[in-house]
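# Notes for the structure review
One-letter residues, chain by chain:
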Amino acid sequence: MTEDAGKAGAGSGGAPRPRPGLDADLRAVARHTELLVDHATHLTDVRAPSLCEGWSRAHVLSHVARNADAIRRLAEWALDGQPREMYPGGTAARDAEIEEGALRAGPASAGDHRPAGVFADDLRSTAAALAPPLAALGGPLAVDEVEMRGGMKISPRALPFMRLREVVYHHVDLDDGFSFTDVEPEVLHRFIDDAVSRLRTGSHPPDLDLRTQEGDRWVVGEPTTEVRGSRAGVLLWLARRIDTGVSATGDLPQLPRGA
Ligand SMILES: O=C(O)/C=C/C(=O)CC(=O)C(=O)O
């Protein structure tokens with residue numbers, strides 16, 4: 001995530017938007033967590049591939065639950081001043097935890113669908129443990145910055161937005177009917193802002209004039225290529241490199257991996 005995730009929107013067309021308050025972020029996190037838990041409860045095939053390369057839906061659900069633990073640790077650090085690793089043991093330990101969690105789906109030969117409930121329970125309980133420290137970020141903080149995996153320092157008050165992004169993006173990654181068209185327009189705008197600022201600060205920003213049917217505009221580099229789509233279509237392209245919802249005046253610019 002970029003430092004400015006959660007700050008005022010910076011679309012180049014029009015005045016900056018006011019930053020939604022922490023309460024609005026918390027409500028959005030709660031709402032989207034509920035949608036994801038409900039979806040996980042009714043998933044018929046947790047072993048099916050997801051939109052995340054190499055990951056099944058079980059990996060995605062396992063990751064979202066572990067991410068709740070990780071963000072909880074950072075929120076607790078912000079509140080009590082005791083540094084904590086986002087993922088104790090680093091990225092290798094994080095990846096192993098996700099794999100281990102995904103194994104709860106069992107082998108395809110098991111042939112039943114009951115494991116989906118295990119993932120829903122995990123999501124529900126980890127989200128419940130995250131909610132109080134996340135809500136407390138509106139009060140006094142012991143530190144101004146916490147450190148993400150990878151070393152980037154962020155304001156603790158950006159944590160609710162980060163969590164929202166994880167929950168919503170990975171809900172789409174289940175590839176089972178939920179899409180960015182199901183997300184509130186204001187939230188989509190903030191996600192695009194966030195994705196665009198990652199592009200701008202990345203090592204190879206493309207030249208891009210991004211316009212949405214809703215009337216937003218963002219420019220990255222030189223506005224040589226116009227790319228159009230709905231907010232949902234544009235975000236799908238920016239966040240997941242799926243271009244079915246956008247059209248361009250020339251060749252669609254190549255986006256760097258992982259920006
Ligand atoms: O936005 C970032 O820089 C990092 C985000 C994360 O680390 C989220 C995860 O991928 C995770 O919690 O595992």
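Residues numbered from 1 in each chain as written. Predicted model: local features only at pLDDT ≥ 70, side-chain atom pairs only at ≥ 80, totals over all residues. Heavy atoms only, no water.

### Overview of the overall build of the protein
For clarity, the threshold we go by: Working definition: helices are DSSP H or I runs of at least four residues, strands are E runs of at least two. Numbering for both runs from the N terminus. By definition, residues are in contact when any of their heavy atoms lie within 4.5 Å. Surface accessibility in these figures is a Shrake-Rupley result with a 1.4 Å probe; residues are shielded only by whichever protein chains are displayed.
Secondary structure assignment for the protein yields seven helices and six strands. Ordered by position in the sequence, the α and β elements of the protein form the string α-α-α-α-β-β-α-α-β-β-β-α-β. Partitioning the contacts of the protein with sequence separation of at least 6, the portion at a separation of at least 24 is 61%. When the accessible area of the protein is evaluated, it comes to approximately 11900 Å², of which 51% is carbon and sulfur surface.

### Focus on the sheet that holds strand β4 (residues 217-220)
Inclusion rule: When DSSP finds at least two bridges between two strands, those strands are taken to pair. Note on method: axes are straight lines fitted to C-alpha atoms, helices fitted across the in-contact stretch only, with angles between N-to-C directions ranging 0 to 180 degrees.
The sheet built from four strands is open, its strands ordered β4-β3-β5-β6 with mixed pairing. Bordering the open sheet on either side are β4 and β6 (246-248), each of which pairs with just one other strand. In this sheet, adjacent strand axes meet at a mean angle of 20 degrees when their direction is disregarded. Pairing between strand β5 (residues 226-229) and β6: three bridges, direction antiparallel. Opposite Val227, over in β6, you have Ala248 as the bridge partner. Seen against the sheet, helix α6 (residues 185-201) touches β3 (208-212) and β4 and runs at an angle of roughly 10 degrees to β4. Sitting on the sheet, helix α7 (residues 231-240) is in contact with β3, β5 and β6, with an inclination near 145 degrees to β3.

### Let's talk about the pattern of salt bridges
The line we're drawing: Here, a salt bridge means any side-chain nitrogen of Lys or Arg that lies within 4 Å of a carboxyl oxygen of Asp or Glu. Burial classification: accessible surface area is computed with a 1.4 Å probe over protein chains only, and a residue below 20% of its type maximum counts as buried, one above 50% as exposed, and the rest as partly exposed.
For the coordinates displayed, the defined rule picks out 21 salt bridges. Two residues, Arg94 and Asp95, come together in a salt bridge whose shortest N-O distance is 2.7 Å. Owing to a relative accessible area of 11%, Arg94 belongs among the buried residues under this scheme. What makes Asp95 partly exposed here is its relative accessible area of 35%. The partner of Asp194 in a salt bridge is Arg198, with the nearest N and O atoms 3.9 Å apart. Linking Asp194 with Arg198, this pair stays in helix α6, spanning four residues, or about one helical turn. Within this structure, Arg66, Asp69, Arg72, Glu76, Asp80, Arg84, Arg104 and Asp122 form a network of salt bridges that share partners.

### Notes on the packing of helix α2 (residues 57-80) against helix α4 (residues 115-136)
To keep things clear, this is the line we draw: Working definition: roughly parallel below 35 degrees, roughly antiparallel above 145 degrees, roughly perpendicular at 65 to 115 degrees, and oblique for all remaining angles. In this scheme the crossing of two helices becomes right-handed for a clockwise turn of the near helix relative to the far one and left-handed for an anticlockwise turn of less than a right angle. Residue type decides the class: Asp, Glu, Lys and Arg count as charged, Ala, Val, Leu, Ile, Met, Phe, Trp, Tyr, Cys and Pro as nonpolar, and the leftover types, Gly among them, as polar.
Packing of α2 against α4 leaves a shortest axis separation of 9 Å and a crossing angle of 20 degrees. One element, α2, and the other, α4, form an angle in the roughly parallel class. Both α2 and α4 take part in a crossing whose hand is left-handed. The residue makeup of the contact of α2 with α4, split by class, is 16 nonpolar, two polar and five charged.

### Concerning the environment of Gly245
Mapped onto the secondary structure, Gly245 falls in the loop between α7 and β6. Note on Gly245: relative accessible area 29%, which makes it partly exposed. As for Gly245 and Ala232, which are separated by 13 residues in sequence, their C-alpha atoms are 7.7 Å apart.

### Focus on the domain arrangement of the protein
Counted only if it meets this: Each domain's extent was defined by an automatic or database domain assignment.
When its domains are assigned, the protein resolves into domain 1 (22-104 + 114-162) and domain 2 (185-248). Its C-alpha centre places domain 1 at a distance of 26 Å from the equivalent point of domain 2.

### Quick notes on the pairing of β5
Here β5 shows one buried face, formed by Val227 and Gly229, and one open face, formed by Glu226 and Arg228. In terms of strand pairing, β3 meets β5 through four bridges, oriented parallel. Across the sheet, the residue bridging to Thr212 is Gly229, located in β5.

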